[in-house]
Amino acid sequence: RASLANHPMIDGRTQDSPLIRAYRGQRADTLPVWFMRQAGRSLPEYRALRTDVAMLDACLDPALASEITLQPVRRHGVDAGILFSDIVVPVKLGGVGVEIVPGRGPVLEHPIRSASDVAALRPIDPDVFSPIREAVALTVAELGSTPLIGFAGAPFTLAAYLVEGGPSRDHLRARTLMHSDPHTWAALMNWVADASGEFLRAQVEAGASAVQLFDSWAGSLSVEDYVRRVAPHSRRALDHLRGLDVPKVHFGVGAGDLLEAMYGVGADVMGVDWRMPLSEANRRLGGRTPIQGNIDPALLAAPWPVLEAHVRAVVDAGRAAPAHVVNLGHGVPPDTDPDTLTRLVELVHSLPQ
Ligand code: CP3
């Protein structure tokens, strides 16, 4: 608590919420639940607001980003909001030409691959994040005691987009650069770490109560490459939060073999995808780390009894961990029936702890 007094920007109203208590390793009366990509195309009220606004323009409009963030909290009664934004927002604010193409994902004007491409990147100016600070401030004022989660992309996942120039399956060009020109790779990863790190810091200073670092594509790396060529930069991103006492969640897809290494960069909580049972994740983490996950998103489209049985099994597998925050193993699919998500929140909240 002393650290709260030192940092008045950390909102004391959220500290006893089920989410923040679980992230700090305590079990509360109800099991907290939120969904990755809970804001977005599964909600008709989101689609209505986005009809004539490009994705990244929506992210940089504080009132619009705040409203979209609040939509799933109002509708589903989830235990947290997560800021409506995108992992490429800090890259764009840092001066890189990038757009999000519907149905595809982030696409770069010019891929960043050579030493001179990397040398041309400008140092990150924290002032560029003012629209983000404003969106967070508007949102936490509405959320009251419900915490807002801030987030950023981890350096590898972002570098995969920057080097490839767009979405790719196995991130071959990025992994080639990592080995063929380690110096350029490290310089690029440091720049991205600073962009994501300052994005995180802006969100926490403006009132976010926790953060999640998404290393969605880390699963394409060997443990050795992750530890040697990636982990130091992910640590650098989180180091931008120095002095701000907020729980840090770290999540990757297909990254079961990397759990301990990803925890080791300075995370407090590990997010787990749907491939690994939470009991196994907890065992690998030595039984000491709060975990988040890991409902299979595919089952959101299954008949309710099938989904319900799966959710109960996920909650049972999570009982071994010091604390558990229920989530999906990856984002909400856009064609999900929103009523299914609402019903899922009610189910999780009704389960005995
Ligand atoms: O979880 C939330 O509700 C918060 C918002 C959020 C978005 N993107 C909004 C978004 C978060 C946390 C992200 C992170 C993100 N963005 C990641 C990491 C998480 C993950 O899913 O693995 C990645 C890899 C991206 C890059 C990205 N942005 C992709 C692949 C896409 C999908 C493109 C498409 O049309 O299929 C986006 C666009 C995006 N980001 C949308 C949303 C709601 C969809 C935009 C739309 O409505 O058209």
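Residues numbered from 1 in each chain as written. Predicted model: local features only at pLDDT ≥ 70, side-chain atom pairs only at ≥ 80, totals over all residues. Heavy atoms only, no water.

J.: Requested: an account of the overall build of the protein chain, with residues and values cited.
T.: In terms of regular secondary structure, the protein chain is built from 16 helices and 9 strands. Expected size for 353 residues packed as a compact globule is a radius of gyration near 20 Å; at 19 Å, the protein chain falls within 12% of this value. The C-alpha extent of the protein chain, read off along each of the three principal axes, is 55 × 45 × 40 Å. Taking all 353 residues of the protein chain together, the buried fraction comes to 57%. Within the structure as shown, the protein chain displays about 13900 Å² of accessible surface, and the carbon and sulfur contribution to it stands at 51%. When the 33 basic and 40 acidic side-chain charges of the protein chain are each reduced to a single mean position, those positions are 4 Å apart. (Helix = DSSP H or I, 4+ residues; strand = E, 2+ residues; numbered from the N terminus. Rg over C-alpha atoms; globule rule 2.2 N^0.38 Å. Buried < 20%, exposed > 50% of the residue type's maximum accessible area, 1.4 Å probe, protein only. Areas by Shrake-Rupley, 256 points an atom, 1.4 Å probe, with all protein chains shown as cover. Lys, Arg positive; Asp, Glu negative; His and termini not counted. Charge placed at Lys NZ, Arg CZ, Asp CG, Glu CD.)

J.: Before we move on, could you go through the site of the ligand and cite the residues and values that matter?
T.: Not every one of the 27 residues close to the ligand is listed here, only the nearest: Arg-37, Tyr-46, Gly-103, Ser-216 and His-330. Separating an oxygen atom of the ligand from a backbone N or O atom of Gln-38 is a distance of 3.2 Å. Note that an oxygen atom of the ligand is positioned 2.6 Å from one of the side-chain N or O atoms of Tyr-46. Protein contacts shield 91% of the accessible area of the ligand, which totals 880 Å² for the unbound molecule. For the shell around the ligand, the secondary structure elements donating two or more residues are α3 (44-50) and β3 (105-108). Taken together, the residues of the shell around the ligand break down into 15 nonpolar, 7 polar and 5 charged. (Near = heavy atom within 4 Å. Polar contact = N/O pair within 3.5 Å; in protein donor to acceptor, adjacent residues only side chain to side chain. Nonpolar A, V, L, I, M, F, W, Y, C, P; charged D, E, K, R; others polar.)

J.: Describe the nonpolar core, and please don't skip the residues or the numbers.
T.: The biggest cluster of nonpolar side chains holds 119 residues, and the ones touching the most others in it are Tyr-23, Trp-34, Phe-35, Phe-84, Leu-162, Trp-185 and Leu-188. Take this core: its biggest share by element is 10 residues, from helix α11 (residues 182-205). Filtering out sequence-adjacent residues up to four positions away, Trp-185 remains in contact with Phe-156, Ala-159, Ala-174, Leu-177, Met-178, Arg-229 and Val-230. (Core = buried A, V, L, I, M, F, W, Y, C linked by side-chain atoms within 4.5 Å. Contact = heavy atoms within 4.5 Å.)

J.: Got a sec to walk through the packing of aromatic side chains? Specific residues and values, please.
T.: Summed over all chains, the structure comprises 6 aromatic pairs. Here Phe-129 and Phe-199 contribute two aromatic rings whose centre-to-centre distance is 6.1 Å and whose plane-to-plane angle is 35 degrees, an arrangement assigned as tilted. Taken together, the residues Phe-129 in the loop between α7 (115-119) and α8 (130-143) and Phe-199 in helix α11 connect sequence positions 70 residues apart. Comparing Phe-129 with Phe-199, the two get one shared label, buried. Grouping aromatic residues by their ring pairs yields a cluster made of Phe-129, Phe-151, Phe-199, Phe-214 and Phe-251. (Phe/Tyr/Trp six-rings, centres within 6.5 Å; stacked < 30°, edge-to-face > 60°.)

J.: Run through α8, naming residues and quoting values.
T.: Given a rise of 1.5 Å per residue, 14 residues ought to cover 20 Å, and the 20 Å separating the end C-alpha atoms of α8 matches this to within 8%. Within the sequence span of α8, burial applies to Pro-131, Ile-132, Ala-135, Val-136, Thr-139, Val-140 and Leu-143. Viewed along the axis of α8, the buried residues span an arc of 160 degrees, placing them on a single side of the element. Buried-residue contacts for α8 involve α4 (55-59), α5 (62-76), α6 (89-93), β4 (148-153) and α11. Positioned one or two residues after α8, Gly-144 has a phi angle of 60 degrees, which is positive. (Expected span 1.5 Å × (residues − 1). Arc of directions from axis to C-beta.)

J.: For the pattern of salt bridges, give the residues involved together with the corresponding values.
T.: Across all of its chains, the model carries 18 salt bridges by this definition. The partner of Arg-201 in a salt bridge is Glu-205, with the nearest N and O atoms 2.9 Å apart. One end of the pair is Arg-201 and the other is Glu-205, both in helix α11 and 4 residues apart, which spans about a single turn. Taken together, the shared-partner salt bridges in this structure form one network comprising Asp-257, Glu-280, Arg-283 and Arg-284. (Salt bridge = Lys/Arg side-chain N within 4 Å of Asp/Glu carboxyl O.)

J.: Describe the side chain of Thr-157, naming the residues involved and giving the relevant values.
T.: With respect to the helices and strands, the residue Thr-157 is situated in helix α9 (residues 155-164). Discounting chain neighbours no more than four positions away, the residues touching Thr-157 are Ile-87, Phe-214, Asp-215, Ser-216, Trp-217 and Ala-218.

J.: Help me get a handle on the pairing of strand β8 (residues 291-295), residues and values and all.
T.: Taken across its 5 residues, β8 has 5 buried, putting it largely inside the fold. Pairing geometry for strand β7 (residues 269-271) and β8, over 2 bridges, is parallel. Note that in β8 the partner of Gly-271 across the bridge is Gln-292. Following the chain from β7 across helix α14 (residues 278-284) to the adjacent parallel β8, one finds a crossover that is right-handed. A crossover links β8 with its parallel partner strand β9 (residues 324-328), the connecting element being helix α15 (residues 304-318), and its sense is right-handed. (Pairing = 2+ DSSP bridges. Right-handed = clockwise from strand over helix to strand, strands pointing away.)

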